[in-house]
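# Topology and contacts: notes
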Amino acid sequence: TKKAKDHTDPHLVASWDGFAPDPGRADDFDTTKRLLVADLDLQVKQARRLGRAPDKHTWHCSIRAAESDRHLSDEEWADIARRVVAATGIAPDGDPDGCRWVAVRHAPDHIHIAATKVRADLRTARHWNDYLTADRRLATIEKEYGLYQVVRGDRTAAKRPTRAEQEKARRQGRKTTSREQLRTTVRQLVSI
């Protein structure tokens, strides 16, 4: 497939400390990968021993440049990765206890950021609303780097019914959820 072909020359472009072992540049990929995973998971294992590790302890973010964009250098991707983990609360700027993370470049047009959610002080990272904070930071980065600027919504669209709301409506034999019915009623009243 196209995606499998896209993943060529995987290597680290950035990490939490700048010294993480890079399996993509090592003679022994498997051994170096095990070392990297052990380094990444160190704080998770410590928190687990204390009963403080979250059930889902990994965080992942993929960032891809548009086809029309120029190819970014490893240094540029590293800067982008650092700014995204800082914005999301995974590894805030100037926080020595931030989570451990790595940014892997598989191809010229994208990176993957993988992180643990356990900080060095063994607390869980506060990364609530991380998608939106990352998106805001990426909008700034697109402008600064002269990249294609993605059109973003203003978050004013009506919220979709949740699965729980849909299930409740189904159990009650209704075709629409309470949220949808309320929205329809309000629209009808406003148009009178």
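Anyway, here's the lowdown on the structure attached to this text. These numbers were taken from a predicted model, which means no experiment stands behind them.

### Comments concerning the overall build of the protein chain
Counting its regular elements, the protein chain contains 6 helices and 4 strands. Against the 2.2 N^0.38 benchmark of 16 Å for 192 residues, the protein chain shows a C-alpha radius of gyration of 21 Å, more extended than a compact globule. C-alpha extents for the protein chain along the principal axes are approximately 70 × 50 × 40 Å. The proportion of buried residues among the 192 residues of the protein chain is 39%. Long-range contacts, defined here as pairs at least 24 residues apart, represent 61% of the contacts in the protein chain between residues at least 6 apart. Accessible area of the protein chain: about 12800 Å², with a carbon and sulfur share of 52%. In the protein chain, 37 positive and 29 negative side-chain charges are present, and the distance between their average locations comes to 11 Å.

### Remarks on the nonpolar core
One broad rule of soluble globular proteins: the nonpolar side chains tend to lie buried together. In terms of nonpolar packing, the biggest core is built from 27 residues, with Ile63, Ile80, Val84, Trp101 and Ile113 touching the most fellow members. At the level of secondary structure, the elements contributing two or more residues to this core comprise strand 1 (11-15), strand 2 (58-64), helix 3 (74-88), strand 3 (101-107), strand 4 (110-116) and helix 4 (130-145). Among the elements that take part in this core, helix 3 stands out by supplying 6 residues, more than any other. When near neighbours in sequence (up to four residues on either side) are disregarded, Val84 contacts Trp59, Cys61, Ile63, Ile113, Ala134 and Leu138. Leu12, Leu40, Val102 and Val104 belong to the second-largest nonpolar core, a separate cluster that totals 6 residues.

### Some thoughts on the environment of Thr8
Take Thr8: it is sitting in the loop between helix 1 (2-6) and strand 1. Sequence-wise, Thr8 and Ala107 are 99 residues apart; in three dimensions their C-alpha atoms are separated by 5.5 Å. In contact with Thr8, other than residues within four places in its own chain, are His106 and Ala107.

### Quick notes on the sheet that holds strand 4
Here we have 4 strands laid out as an open sheet, ordered 1-3-4-2, and antiparallel in their pairing. At either margin of the open sheet sits one strand with a lone partner, and together these are strand 1 and strand 2. If you compare each strand with its neighbour and ignore which way they point, the axes differ by 25° on average. Across 4 bridges, the pairing between strand 1 and strand 3 is antiparallel. In the strand pairing of strand 3, Ala14 is matched with Ala103. Along the sheet face, helix 3 touches strand 1, strand 2, strand 3 and strand 4 and points at about 135° away from the line of strand 2.

### What about the side chain of Glu76?
Along the chain, Glu76 turns up in helix 3. A distance of 2.8 Å separates the side chain of Glu76 from the backbone nitrogen of Ser73, its partner in a polar contact. Those residues within four positions of Glu76 in sequence are excluded, and the remaining contacts are Arg70, His71 and Tyr145.

### A few points about the pairing of strand 3
With respect to burial, strand 3 is a largely interior element, 7 of its 7 residues being buried. In sequence, strand 3 turns back onto strand 4 through a hairpin of 2 residues.

### Focus: unusual backbone geometry
With a phi angle near 70°, Leu122 is a residue other than glycine that sits in the positive phi range. Among the structural elements, Leu122 can be located in the loop between strand 4 and helix 4. A positive phi angle is found at Asn129, which is not glycine, with a value near 65°. Following the sequence through the fold, Asn129 ends up in the loop between strand 4 and helix 4.

### Here we look at the pattern of salt bridges
Taken as a whole and judged by the stated rule, the model has 11 salt bridges. Between Arg123 and Asp121 there is a salt bridge, with the nearest N and O atoms lying 2.9 Å from each other. Among the residues examined, Asp121 registers a relative accessible area of 26% and is labelled partly exposed. Salt bridges sharing common partners tie together Asp95, Arg119, Asp121 and Arg123.

Rules of the game
Residues numbered from 1 in each chain as written. Predicted model: local features only at pLDDT ≥ 70, side-chain atom pairs only at ≥ 80, totals over all residues. Heavy atoms only, no water. Helix = DSSP H or I, 4+ residues; strand = E, 2+ residues; numbered from the N terminus. Rg over C-alpha atoms; globule rule 2.2 N^0.38 Å. Buried < 20%, exposed > 50% of the residue type's maximum accessible area, 1.4 Å probe, protein only. Contact = heavy atoms within 4.5 Å. Areas by Shrake-Rupley, 256 points an atom, 1.4 Å probe, with all protein chains shown as cover. Lys, Arg positive; Asp, Glu negative; His and termini not counted. Charge placed at Lys NZ, Arg CZ, Asp CG, Glu CD. Core = buried A, V, L, I, M, F, W, Y, C linked by side-chain atoms within 4.5 Å. Pairing = 2+ DSSP bridges. Axes fitted to C-alpha atoms, helices over the stretch in contact; angles between N-to-C directions. Polar contact = N/O pair within 3.5 Å; in protein donor to acceptor, adjacent residues only side chain to side chain. Salt bridge = Lys/Arg side-chain N within 4 Å of Asp/Glu carboxyl O.

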